[in-house]
2 protein chains.
Amino acid sequence: MRVSAKADYAVRAAAELAAEGADGPVKGERLADAQDIPLQFLEHILLELKHHGIVRARRGAKGGYWLARPADEVTIAEIVRAVEGPIAHVQSTPPEDIEYRGNSEHLQAVWIAVRASLRNVLEAVTLADLVSGELPTVVSELTADPDAWVAR
Amino acid sequence: MRVSAKADYAVRAAAELAAEGADGPVKGERLADAQDIPLQFLEHILLELKHHGIVRARRGAKGGYWLARPADEVTIAEIVRAVEGPIAHVQSTPPEDIEYRGNSEHLQAVWIAVRASLRNVLEAVTLADLVSGELPTVVSELTADPDAWVAR
DNA sequence: GCACTCCTGACCAAGAAGGTCAGGAAAGTC
DNA sequence: GACTTTCCTGACCTTCTTGGTCAGGAGTGC
């Protein structure tokens, strides 16, 4: 139940692209500098994002990366899935495919709920939201509770 | 963002203990059989649960494991934390400790919301809920949507 | 032709995941 | 006191993932 460095990097780089807007391609090096990400590692990540149709790129002198779609149509969930794979799998299988026996019969519903609650957050936030700071109400409701900010 | 086999096993074994109630200690072998978990692996897991004060044990002829507290006072969140460590850490650090620069400034709030939404589910469900099948409303609301049951 | 930038695969070290194995230490039984 | 039972513990193992680095190839623009 943790967020990998790769997913974190991917979202941050994508946010940077979203902020640059339509001012032409942005170089990988610039993204790496802006968000303090190892360049070569970032290039692999950007390639994955490209393969998933989230980002586009051009090589050469005036080359660089840009978002394949408007920033308000790209969600955090998409980016996380692109680099980490499916969200909230249990033992590497999707929760809807698991069959529990005996007293843990209802555990499946719990994992389904876990996945649904993650989706509620990750699919609600777009890159445009992230850059503007105007996060969806589902997020601001969750972060409003001071308890959400303390470790446990 | 995935659930490990260990966490899954731990919850299932604990559910089994909750169902057995106060009928004395339950042997590890019985738990392993009931939930189809490799015995030796399960023993390591139960030991961790014991160290975290969730389970108690006695050795010898009439020995076995039992819950340290009533089943309605033990949450899934506790069990997951005991075997997997803190929930929703980013790059192995808690979200409240991360400082983002530039255009990903608000990403911290998103990760905080992710953690909060996970807690909302995992801290709401107790072992008693799990065994009885009467899951808290937060769970049944999330699982009511057929969309929650399909892959994406 | 040349500089620039992305693209790709190979590699690598460390750690985690998912176990197995062997033995020791308490608890109960005869 | 011996013996069985069951937990307790650490060592070990294999495979995969994480978080990168390195080296070179392939488009693109001037």
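Here is a short report on the structure shown in this document. Since we're looking at a predicted model, the values are computed, not measured.

Remarks on the protein's contact with DNA strand C
Part 1: Surveying the vicinity of DNA strand C reveals 28 residues, the closest of which are G28 and A57 of chain A together with S4, P38 and G60 of chain B.
Part 2: For the surface near DNA strand C, the secondary-structure elements that each account for two or more residues are α2 (28–35), α3 (39–51) and β2 (64–67) of chain A together with α1 (5–20) and α3 (39–51) of chain B.
Part 3: It is α3 of chain A that provides the largest number of residues to the surface near DNA strand C, a total of five residues.
Part 4: Residues that form the surface near DNA strand C fall into these classes: nine nonpolar, ten polar and nine charged.

Notes on the relation of the copies chain B and chain A
Two chain copies here: they are related by a rotation about an axis and a translation along the same axis.
Part 1: Turning chain B through 180 degrees and shifting it by 0.0 Å along the axis lays it on chain A, with an RMSD of 0.0 Å. Such a turn and shift between the copies fits a two-fold axis. Taking C-alpha positions as reference, the residue of chain B nearest the rotation axis is M1 of chain B, located at 2.2 Å.
Part 2: Both copies contact each other with a shared surface, as 100% of the interface residues of chain B are interface residues in chain A too.

Section: the interface of chain B and chain A
Part 1: The interface is formed by 51 residues belonging to chain B together with 51 residues belonging to chain A.
Part 2: Those elements giving two or more residues to the side of chain B that touches chain A turn out to be α1, α2 (28–35), α4 (76–84), α5 (107–122), α6 (127–132) and α7 (137–144) of chain B.
Part 3: The element that contributes the greatest number of residues to the side of chain B that touches chain A is α5 of chain B, accounting for 13 residues.
Part 4: Taken together, the residues of the side of chain B that touches chain A sort by class into 33 nonpolar, eleven polar and seven charged.

Considerations on the protein's contact with DNA strand D
Part 1: The immediate surroundings of DNA strand D are formed by 28 residues, with S4, P38 and G60 of chain A together with G28 and A57 of chain B found nearest.
Part 2: Contributions of two or more residues to the surface near DNA strand D are made by α1 (5–20) and α3 of chain A together with α2, α3 and β2 (64–67) of chain B.
Part 3: For the surface near DNA strand D, the class distribution of residues is nine nonpolar, ten polar and nine charged.

Topic: the packing of helix α5 (residues 107–122) of chain A against α5 of chain B
Part 1: With their axes 9 Å apart at the nearest point, α5 of chain A and α5 of chain B run at an angle of 155 degrees to one another. The angle between the axes of α5 of chain A and α5 of chain B places the two elements in the roughly antiparallel class. α5 of chain B is crossed by α5 of chain A, and the crossing has right-handed handedness. Across the interface between the two elements, A113, V114, S117, L118, N120, V121 and L122 of chain A from α5 of chain A touch A113, V114, S117, L118, N120, V121 and L122 of chain B from α5 of chain B.
Part 2: The residue inventory of the contact of α5 of chain A with α5 of chain B, partitioned by class, reads ten nonpolar, four polar and no charged.

Considering unusual backbone geometry
Residues and elements named next belong to chain A.
Part 1: Of note, A88 is a non-glycine position whose phi angle comes to about 65 degrees, a positive value.
Part 2: Mapping A88 onto the fold places it in the loop between α4 (76–84) and α5.
Part 3: Positive phi, close to 55 degrees, is recorded for Q91, a residue that is not glycine.
Part 4: Note that Q91 resides in the loop between α4 and α5.

Calculation criteria
Residues numbered from 1 in each chain as written. Chains lettered and ligands numbered in written order. Predicted model: local features only at pLDDT ≥ 70, side-chain atom pairs only at ≥ 80, totals over all residues. Near = placed C-beta within 6 Å. Helix = DSSP H or I, 4+ residues; strand = E, 2+ residues; numbered from the N terminus. Nonpolar A, V, L, I, M, F, W, Y, C, P; charged D, E, K, R; others polar. Least-squares fit on C-alpha atoms with pLDDT ≥ 70 in both. Contact = placed C-beta atoms within 7 Å. Axes fitted to C-alpha atoms, helices over the stretch in contact; angles between N-to-C directions. Parallel < 35°, antiparallel > 145°, perpendicular 65-115°, else oblique. Left-handed = near helix turned anticlockwise from the far one by under 90°.

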